[in-house]
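One letter stands for each residue in the lines below.
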There are 2 protein chains.
Amino acid sequence: MPRPPSSQGAETREKILEVALELFTHQGYDATSLRDIAERLGITKAALYYYFERKEDILLELHMRLHDAGSALLDELEATEDGPARVAAWPALQDQLVDFMLEQRDLLLLHSRNQSALAALVGSERNQHANEELEARIVRILGSPAIPLRQRVRMAASIGVITEVLVESGEAFQDVPSEELAALVRETTADLLGVGTAR
Amino acid sequence: MPRPPSSQGAETREKILEVALELFTHQGYDATSLRDIAERLGITKAALYYYFERKEDILLELHMRLHDAGSALLDELEATEDGPARVAAWPALQDQLVDFMLEQRDLLLLHSRNQSALAALVGSERNQHANEELEARIVRILGSPAIPLRQRVRMAASIGVITEVLVESGEAFQDVPSEELAALVRETTADLLGVGTAR
DNA sequence: GTCTATATTTCGATAGAC
DNA sequence: GTCTATCGAAATATAGAC
């Protein structure tokens with residue numbers, strides 16, 4: 001889908017995505033005009049159309065980067081059989097999820113702040129979403145009757161813990177080294193399952 | 001701030017807020033035009049201006065309802081002294097938070113889906129926000145050096161658990177009675193603090 | 001590749017009749 | 001209280017020169 005395969009224009013393209021990521025996150029997608037992005041880069045609005053056909057496509061590409069990274073994680077979980085096997089696979093996934101959220105923090109914030117714009121985007125005609133939304137896949141996993149409700153609540157709970165501490169409330173823990181914070185989160189989610197399983 | 005004190009027009013006003021809540025949540029604030037709202041109510045766009053001076057004011061009023069309800073909870077917590085006393089007060093707050101999120105689920109979803117629109121709204125000149133944003137107050141509490149980091153992570157973690165299970169992933173637990181779900185969430189957050197404190 | 005200039009559309013908001 | 005009609009401002013997107 002990208003436009004120019006030329007090797008130098010690719011830099012500009014990447015800069016556009018960088019600026020868009022920041023502006024979309026901090027002012028919101030709808031409140032950010034193409035003029036905002038262009039001015040920040042010292043070019044004009046029209047130049048953006050050389051790299052992206054539509055404004056939507058900029059957001060879409062940022063979305064897909066997170067989607068693809070997250071999809072790999074979910075594929076792994078969905079490879080297990082729905083039921084006890086999936087519960088057994090959960091602890092390992094939790095650990096990977098911590099790394100994932102630390103690595104993708106910027107894109108996760110973009111998604112968190114622009115949920116409605118993204119919903120409209122992927123729910124649209126144009127974009128062939130043979131690739132199902134991550135959120136929907138997670139909901140399906142958590143809604144499965146093949147897993148005891150208490151377990152499923154604990155699974156959702158760990159997602160909540162990781163998201164809240166590492167992404168949403170991240171501002172409160174700015175001064176804490178990532179590794180230390182990650183260790184505390186892992187400890188917390190481990191307790192969540194440990195105690196829950198024992199009951 | 002509301003316009004008409006007349007007793008019958010108040011119904012229409014409330015209906016406007018109901019429809020706006022639904023559309024803002026499902027399509028997003030920016031993607032929802034006043035025409036969308038008016039048509040749903042069988043009136044014209046211009047009629048809305050009899051009840052609200054600006055489109056912003058509709059969102060603002062919905063925002064303030066959640067803000068006021070949540071502010072009461074936070075006031076209570078902030079009444080304690082920063083440090084061990086606040087940690088001691090936390091378990092009780094957690095319990096109240098579960099009820100709060102169940103009661104205010106619709107407004108919480110609105111806020112979650114329109115974070116950027118709301119940030120622009122309250123960060124604006126017009127609205128005297130002597131009332132500080134809830135998020136900022138929470139971040140300050142969670143960032144306090146007077147409380148051990150492990151404790152603060154657990155506090156943030158419980159917020160994450162409650163939000164994720166009762167609001168964000170709520171769709172996965174649609175068929176579960178609220179009371180049962182609330183009980184499981186309370187059990188989970190209690191474990192979170194119980195084990196964490198023991199360490 | 002980037003520019004200037006402009007077409008097109010949509011939306012928030014206002015004026016004024018009823 | 002609700003309507004018709006319209007204004008004015010942005011913003012997306014396009015055309016075409018350089």
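Given the structure is predicted, the values throughout are model-derived calculations rather than measurements. (Residues numbered from 1 in each chain as written. Chains lettered and ligands numbered in written order. Predicted model: local features only at pLDDT ≥ 70, side-chain atom pairs only at ≥ 80, totals over all residues. Heavy atoms only, no water.)

> Help me get a handle on the relation of the copies chain B and chain A, residues and values and all.
Superposing chain B onto chain A requires a rotation of 180 degrees together with a translation of 0.0 Å along the rotation axis, leaving an RMSD of 0.1 Å. One copy is carried onto the other by what is essentially a two-fold rotation axis. When C-alpha distances to the rotation axis are compared across chain B, the minimum falls at G160 of chain B, with a value of 2.2 Å. When you check the interface residues of chain B against chain A, 100% turn up at the interface there too, and the contact is symmetric in its surfaces. (Least-squares fit on C-alpha atoms with pLDDT ≥ 70 in both. Contact = heavy atoms within 4.5 Å.)

> Break down the packing of helix α4 (residues 55-78) of chain A against helix α7 (residues 115-122) of chain A for me, with residues and values.
Residues and elements named next belong to chain A. It is the contact of α4 with α7, at a shortest axis distance of 11 Å, that shows an interaxial angle of 100 degrees. Between α4 and α7, the crossing angle belongs to the class labelled roughly perpendicular. Of α7, the residues touching α4 (which contributes E56, L59, L60 and H63) are A117, L118, L121 and V122. Across the contact of α4 with α7, the residue classes break down as six nonpolar, one polar and one charged. (Axes fitted to C-alpha atoms, helices over the stretch in contact; angles between N-to-C directions. Helix = DSSP H or I, 4+ residues; strand = E, 2+ residues; numbered from the N terminus. Parallel < 35°, antiparallel > 145°, perpendicular 65-115°, else oblique. Nonpolar A, V, L, I, M, F, W, Y, C, P; charged D, E, K, R; others polar.)

> Give a detailed account of the packing of helix α5 (residues 84-103) of chain B against helix α9 (residues 149-168) of chain B, specifying residues and quantitative values.
All names here are of chain B. In the contact formed by α5 and α9, the axes pass within 10 Å of each other and the chain directions differ by 15 degrees. Considering their axes alone, α5 and α9 lie roughly parallel with respect to each other. α5 and α9 meet at a crossing whose hand is right-handed. Along its contact with α5, which presents V87, W90, Q94, L97, V98, M101 and L102, the element α9 presents Q151, M155, S158, I159, I162, T163, L166 and V167. (Left-handed = near helix turned anticlockwise from the far one by under 90°.)

> Summarise helix α8 (residues 134-142) of chain A; cite the residues concerned and give the values.
Along α8 of chain A, the residues classified as buried are L134, R137, V139, I141 and L142 of chain A. Contact partners of the buried residues in α8 of chain A: α4, α5 (84-103) and α9 (149-168) of chain A. (Buried < 20%, exposed > 50% of the residue type's maximum accessible area, 1.4 Å probe, protein only.)

> Break down the interface of chain B and chain A for me, citing the residues and quoting the values.
Tallying the contact residues gives 38 residues for chain B and 38 residues for chain A. Counting the contacts that link chain B with chain A gives six salt bridges. For R154 of chain B, the salt bridge identified is with E187 of chain A, shortest N-O distance 2.9 Å. Along the contact surface separating chain B from chain A lie ten residue pairs in polar contact (both at pLDDT 80 or more). (Salt bridge = Lys/Arg side-chain N within 4 Å of Asp/Glu carboxyl O. Polar contact = N/O pair within 3.5 Å; in protein donor to acceptor, adjacent residues only side chain to side chain.)

> Now, about the domain arrangement of chain A: what can you tell me, with residues and values included?
Residues and elements named next belong to chain A. In terms of domains, chain A is made up of domain 1 (1-53) and domain 2 (56-193). Look at where the C-alpha atoms of domain 1 and domain 2 centre, and you get two points 27 Å apart. Each side of the interface is counted separately: domain 1 has 15 residues, and domain 2 has 15 residues. Buried area between domain 1 and domain 2, both sides added, is near 1300 Å², and the carbon and sulfur share of it is 67%. The interface formed by domain 1 and domain 2 holds two salt bridges in total. E14 is the salt-bridge partner of R65, the closest N and O atoms lying 2.9 Å from each other. Along the contact surface separating domain 1 from domain 2 lie six residue pairs in polar contact (both at pLDDT 80 or more). No other element matches the eight residues that helix α1 (residues 9-27) contributes to the side of domain 1 that touches domain 2. Its residues placed into classes, the side of domain 1 that touches domain 2 shows nine nonpolar, two polar and four charged. (Domains from an automatic or database assignment. Buried area = accessible area lost by both parts, 1.4 Å probe.)

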